[in-house]
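A structural walkthrough
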Amino acid sequence: MARDTGTRTTGTRSLLGRSPRATLFQPRSPRRRRNHFWTHLILIVAVFVVASPLIFALLKATQTGAQVTGPSLLPGLHFLENARAAWVGAGLGHYMLNSAVVAVCVTTGKTALSLLAALAFVYFRFPLKGLAFAAVLFTLMLPTELLIVALFDVVSGTFKWAGSYAAIIVPFLASATGVLLFRQHFMNIPASLADAARIDGAGPLTFLGRVLIPMSWNTIGALAVIQFVSAWDQYLWPLVIMQSDDKQVIQVGLSKLIDVESQSSWGAVMAGAILAIIPPLVVFTVLQEQFSKGFALGQDK
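The numbers attached to residues start from 1 for each chain and follow its sequence in the written order. Totals for whole chains, interfaces and linings use all residues, but because this is a predicted model, local features are given only for residues with pLDDT of at least 70 and pairs of side-chain atoms are given and counted only at 80 or more. Remark: hydrogens and water are excluded; side-chain values derive from all non-hydrogen atoms of the structure.

**Regarding the overall build of the chain**
Helix and strand definitions follow DSSP, with helices as H or I runs of at least four residues and strands as E runs of at least two, each counted in order from the N terminus. Counting its secondary structure elements, the chain contains 18 helices and 0 strands. In this scheme, a residue with accessible area under 20% of its type's maximum is buried, one over 50% is exposed, and one in between is partly exposed, where area comes from a 1.4 Å probe on protein chains only. Scored against the burial criterion, the 301 residues of the chain give a buried share of 29%. At a minimum sequence separation of 6, the contacts of the chain that also span at least 24 residues come to 70%. The method behind every accessible area is Shrake-Rupley, applied with a 1.4 Å probe, and residues are considered shielded solely by the protein chains displayed. Per element, the accessible surface of the chain, about 18,800 Å² overall, is 68% carbon and sulfur. Should any heavy atoms of two residues lie within 4.5 Å, those residues are counted as being in contact.

**Examining the confidence of the model for the chain**
The pLDDT averaged across the chain works out to 84; a share of 86% of its residues lies at or above 70. Every residue carries a pLDDT, the predictor's confidence in it, which falls somewhere between 0 and 100. The least confident element of the chain is helix α1 (residues 2-16), whose mean pLDDT is 45; the most confident is helix α6 (residues 92-123), at 94. pLDDT under 50 marks residues 19-25. Its contacts with residues more than four places away, or in other chains, come to 3 contacts.

**A short note on the nonpolar core**
Formed by 34 residues in total, the largest nonpolar core has its most connected members in L92, I168, W237, I241 and I250. With sequence-adjacent residues up to four places away left out, I241 is seen in contact with F152, V155, S156, A162, G163, A167 and I168. Residues enter a nonpolar core if they are buried and are Ala, Val, Leu, Ile, Met, Phe, Trp, Tyr or Cys, with the set joined through side-chain atoms within 4.5 Å.

**Things to note about the side chain of K60**
Among the secondary structure elements, K60 is positioned in helix α3 (residues 30-60). Here the positive residues are Lys and Arg and the negative ones are Asp and Glu; neither His nor the chain ends is included. Here, a salt bridge means any Lys or Arg side-chain nitrogen found within 4 Å of an Asp or Glu carboxyl oxygen. Notably, K60 is buried but unbridged: the nearest opposite-charge side chain belongs to E81, and the N-O separation is 16 Å.

**Examining the packing of aromatic side chains**
For Phe, Tyr and Trp, rings pair up if their centres lie within 6.5 Å, where Trp contributes its six-membered ring, and each pair is then called stacked (planes under 30 degrees apart), edge-to-face (over 60) or tilted (otherwise). Counted under the stated rule, the structure contains 9 aromatic pairs. An angle of 80 degrees between the planes, with centres 5.3 Å apart, marks the rings of Y123 and F207 as edge-to-face. Placement of the pair is Y123 in helix α6 and F207 in helix α12 (residues 204-212), with a sequence separation of 84 residues. Residue classification places Y123 among the partly exposed residues on the basis of a relative accessible area of 22%. Of the residues examined, F207 reaches a relative accessible area of 6% and is grouped as buried. Linked through ring pairs, Y123, F182, F186 and F207 together constitute an aromatic cluster. Placement of a charge over a ring requires the Lys NZ or Arg CZ to be within 6 Å of the ring centre, with the centre-to-atom vector within 35 degrees of the ring normal. Stacked on the ring of F133, the Lys or Arg R183 has its end atom at 4.1 Å from the ring centre. The ring of Y165 is capped by K247, whose NZ or CZ atom sits 5.7 Å from the centre of that ring.

**Thoughts on the packing of α6 against helix α7 (residues 129-138)**
Across the interface, α6 lies against α7 with an axial gap of 10 Å and an inter-helix angle of 150 degrees. Read as a crossing pair, α6 and α7 show a hand that is left-handed. Residues A120, F121 and V122 of α6 form the contact with α7, whose participating residues are K129, A132, F133 and V136. Counted by class, the contact of α6 with α7 contains 6 nonpolar, no polar and 1 charged residues. Working convention: axes come from line fits to C-alpha atoms, limited for helices to the stretch in contact. Angles between N-to-C directions cover 0 to 180 degrees. In a left-handed crossing the near helix is turned counterclockwise from the far helix by less than a right angle, and in a right-handed crossing that turn is clockwise. Charged residues are taken to be Asp, Glu, Lys and Arg, nonpolar residues to be Ala, Val, Leu, Ile, Met, Phe, Trp, Tyr, Cys and Pro, and polar residues to be all remaining types, Gly included.

**Digging into the pattern of salt bridges**
As enumerated under the stated definition, the model contains 4 salt bridges in all. Measuring nitrogen to oxygen at the nearest pair gives 2.1 Å for the salt bridge that ties K256 to D245. With a gap of 11 residues between them, K256 in the loop between α15 (250-255) and α16 (266-276) and D245 in the loop between α14 (236-241) and α15 connect regions that are remote in the sequence. Overall, the relative accessible area of 43% leaves K256 in the partly exposed class.

**Brief notes about unusual backbone geometry**
Phi at L128 takes a positive value of approximately 60 degrees, unusual for a residue other than glycine. Within the chain, K160 stands out as a residue other than glycine whose phi angle is a positive 55 degrees.

**Overview of a nonpolar patch on the surface**
A cluster of nonpolar residues, F37, W38, L41, V45, F48, V49 and I55, forms a patch on the protein surface that exposes about 690 Å² of accessible area. Following the sequence through the fold, V49 ends up in helix α3. Given a relative accessible area of 52%, V49 falls into the exposed group. A patch consists of residues exposed above 30% relative accessible area that lack any salt bridge, with like charges linked at up to 9 Å and nonpolar side chains (Val, Leu, Ile, Met, Phe, Trp, Tyr) linked at up to 5 Å.

In structure tokens form, the structure reads like this:
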């Protein structure tokens, strides 16, 4: 064994020209350092370009009204003043509370319904299952703007929900994206687990609660991030269906900061926009690991 090991070590050194340990700790060549420099420089420029709208809004949120309309890009000292004008003067805090209620309800409802639908599509047998799943996927090609007139007639005329939370929550509880995501995840789980649960006398909901959900936290977190941000960014449908400001959402509230007839306080508008992105940013930060692993390829996600 000692002779064979020595032969393999000698062969490795002869093929590589140096020992593996020496290769590992060898300093980088000037050419590699230049390549790394240009790579990092390009990445820094790309990040700056992508983040430039946010940086611009943050800078303008710290300036006075006269400075905002001018060419100055230097940070000011009026962010708290502008944020107070947006939060208290325009009632932005109330709008954000409404959006938080809507986003949490939509995210929770979509996740629960998507789990149940994926459970049915993977572990149940029923006629035309493939056609039903194709119909669910077909809804991905139907944007809300295309259905807004029919949806308005149903919500306001049939159910009399206009002006209530139900009008901006219930129509968005179904999620083809969530069904597809959970279906693909459940198909990667060994079928032997379902057989073992069936032998132990566990029903479908017990199997879902005790086996599938504990194995799907990363996927649930990934879907929660997507659905929360999507619900938080609703604008057109709440603008159409909500008849008063009592239950209006943050995106519509931000638009009301812009006074068309007179000069708008653009510093307050920019400060309001900065405040409005904080909740989705917090959700993404908290669920960042689950979001990354939920879309990872392979069995170890």
